[in-house]
Amino acid sequence: MTKTTKMVQWSPTDIKDELLKKYPPKVARKRAKQIMINEAVGADTSPEIVANVRTIPGIITMRGCTYAGCKGVIMGPTRDIVNIVHGPIGCSFYAWLTRRNQTDAGKDGENYIPYCFSTDMQDQDIIFGGEKKLEAAIIEAYELFHPKGICIFATCPVGLIGDDIHAVARKLSAQYEDCNIFAFSCEGYKGVSQSAGHHIANNQVFTHLVGENKKSPEGEYKINLLGEYNIGGDGFEIDRIFKKCGITNISTFSGNSTYDQFASAQHADLSCVMCHRSINYVADMLETKYGIPWIKVNFIGARSTAKSLRKIGEYFGDPKLIKRINDVIAEEMPEVEAVAEEVRTRTNGKTAMIFVGGSRAHHYQDLFAEMGMKTISAGYEFAHRDDYEGREVIPSLKVDSDSRNIEELTVEADEKLFKARKTPDEVKALEEAGFKFKHYEGLNKDMDNGSIIVDDLNQYEAEKLVEILKPDVFCAGIKEKFSIQKLGVPMKQLHSYDSGGPYAGFKGAVNFYKEIDRLVGSKVWSYMKAPWQKNPELTATFVWE
Ligand code: CFM
């Protein structure tokens, strides 16, 4: 790479080399397997990417910890379960209301989300053990609130000293029969990322909660929405659309959810999987144990929303439902299209980069496409190979010592509750008509060949990518926000949505178009001088200057 190379002449291989150049050889060899030049379009199989492996020590990763995935992501949005963190206060404090999962306190008003429950472990608890303190905390929470459920979360020191949180949970659960108390061994170091925490949380919810409510909720066309966390009110918008279509959402895992919703999930006739990464195995377990089939959906993007709704209609196959869905789409789309058309006059041809957790780096490409914008580089913090390459690679995934650490539940058909929702003939007819169950093609197939896909992107590589490709907007999280803005590039948080949202469904799409239009059109960023722009030696090397 010479200094006189123009931006337009950077080939994907040049970019990859440039990202790796500064690393010591061993690090470069490892990172090279996680930085991929896409070749999936038109190919039978995607090129293999290394994912779900440990971050190399010394690298400033964008990832979070296993505790974050369990306590924050999966259990955080459930309003009427008391979530007690067993650990030092920092683990609680920094997980307290930082993810913008909204909730509606409902008629009963039972909502513990604004509270921060912690055992506040001190040095003496680490030395002499914290079980007694945990027991006291559970008793106090029970006596104050009498919740339906209490969940206990292990932090790193709890695992290191060996407190038996499950024994404490069992003891108190027996003592308080009207309260379901269970614990999660989700120590921060337990897995390589928050993905392990999702799995630990979901396994426990499946074991201790799903199936508890015997009575089926009322309603027609009953579904579960798996992997939707109501960030910025996304779930509210999706529920509004479901309601309008006459679809009954029994249980969202776990946006705006309640104890009873989880406990009734077995009554649904279809599971719709939104975030494949955080929950696909729950969809499988619901199918095996109760006979509920599942499909992949995406409510990010107006067209994707319409497509997902039609898929649900096709599954139930009732002309009444199909008509209602089509009517709703016809009613909602004109406003969306009008805004899209208007913003496209300014956003068409602009570029985006998306680096978020495990799903949105894929889902949000649809929204950008509706604005005429291309995602030129993307990747996940902690997704697995199937989220990149498609579910067909699942049988060939390598089981390493880290993934072995995370329990895989063995599930069998429930003798009493298993009920096939469709006959084999009905399934066959649907499949012959092109309907796909349990199907996810992954991110790679939806990105252009030659685009750079990076797993577990880090601070250094993020800045390099921006420097080389200069996107019109960069999407990631709060840790990245200001370093990217300092490079003179607008930054949109796609974890917390900054203070915006919802972006899901039809109304959400309109919000997104308007916000991105404003961001990519803003002049303020051009006043920022990135470090390389201040350096005359480098200034001469890029065409945009
Ligand atoms: Fe699923 Fe999520 Fe995501 Fe995720 Fe997350 Fe999130 Fe995310 Mo932040 S569950 S994988 S662990 S869609 S909190 S709501 S935005 S990293 S891309």
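Described in the following lines is the structure provided in the data block. Computed from a predicted structure; not experimentally measured.

1. Some points on the overall build of the protein chain
Along its length, the protein chain carries 23 helices and 14 strands. Across the 545 residues of the protein chain, 56% fall into the buried class. Summing over all exposed atoms, the protein chain offers an accessible surface of approximately 23,500 Å²; the carbon and sulfur share of this is 54%. Charge separation in the protein chain, taken as the distance between the mean sites of 68 positive and 75 negative side-chain charges, equals 4 Å.

2. A short note on the site of the ligand
Close contacts around the ligand come from 15 residues, with R99, H198, C275, G357 and H495 the closest. Among the residues forming the shell around the ligand, the class breakdown is seven nonpolar, six polar and two charged.

3. Focus on the nonpolar core
The biggest cluster of nonpolar side chains holds 108 residues, and the ones touching the most others in it are F184, L309, I312, F368 and Y513. Counting residues per element, this core draws most heavily on helix α14 (residues 319-347), at nine residues. Residue contributions to this core reach at least three from each of two domains, namely domain 1 (12-61 + 444-526) and domain 2 (66-209). The residues contacting F184, other than those within four sequence positions of it, are C70, M75, C151, I152, F153, A154, I165, H166, I200, A201 and Q204. Among the nonpolar cores identified, the runner-up in size contains 28 residues, and M353, L457, I468 and I484 belong to it.

4. Considering the packing of aromatic side chains
The relation between two aromatic rings is expressed through the spacing of the ring centres and the mutual angle of the planes. For the structure shown, the criterion picks out 26 aromatic pairs. Where Y115 meets F117, the ring centres are 5.6 Å apart and the plane angle is 25°; that geometry is what we call stacked. Through a chain of ring-to-ring contacts, three or more aromatic side chains come together here, namely Y221, Y315, F316, F435 and F437. If you follow K422 out to its NZ or CZ, it ends over the ring of Y315, 4.6 Å from the centre.

5. Let's talk about the pairing of strand β7 (residues 248-254)
Among the seven residues of β7, seven are classified as buried, and the element is accordingly described as predominantly covered. Of the strand pairs in this sheet, strand β6 (residues 222-228) and β7 are connected by six bridges, and their pairing is parallel. Residue pairing for β7: L226 is matched across the bridge by F253. A crossover links β6 with its parallel partner β7, the connecting element being helix α10 (residues 234-245), and its sense is right-handed.

6. Re α14
Remark: the principal bend of α14, roughly 35°, maps to M333, with a proline, P334, within the next four residues. G349 occupies a position one or two residues after α14 and carries a positive phi of about 85°.

Conventions we followed
Residues numbered from 1 in each chain as written. Predicted model: local features only at pLDDT ≥ 70, side-chain atom pairs only at ≥ 80, totals over all residues. Heavy atoms only, no water. Helix = DSSP H or I, 4+ residues; strand = E, 2+ residues; numbered from the N terminus. Buried < 20%, exposed > 50% of the residue type's maximum accessible area, 1.4 Å probe, protein only. Areas by Shrake-Rupley, 256 points an atom, 1.4 Å probe, with all protein chains shown as cover. Lys, Arg positive; Asp, Glu negative; His and termini not counted. Charge placed at Lys NZ, Arg CZ, Asp CG, Glu CD. Near = heavy atom within 4 Å. Nonpolar A, V, L, I, M, F, W, Y, C, P; charged D, E, K, R; others polar. Core = buried A, V, L, I, M, F, W, Y, C linked by side-chain atoms within 4.5 Å. Domains from an automatic or database assignment. Contact = heavy atoms within 4.5 Å. Phe/Tyr/Trp six-rings, centres within 6.5 Å; stacked < 30°, edge-to-face > 60°. Lys NZ or Arg CZ within 6 Å of the ring centre and 35° of its normal. Pairing = 2+ DSSP bridges. Right-handed = clockwise from strand over helix to strand, strands pointing away. Bend = angle between axes of the 7 residues up to and from the residue.

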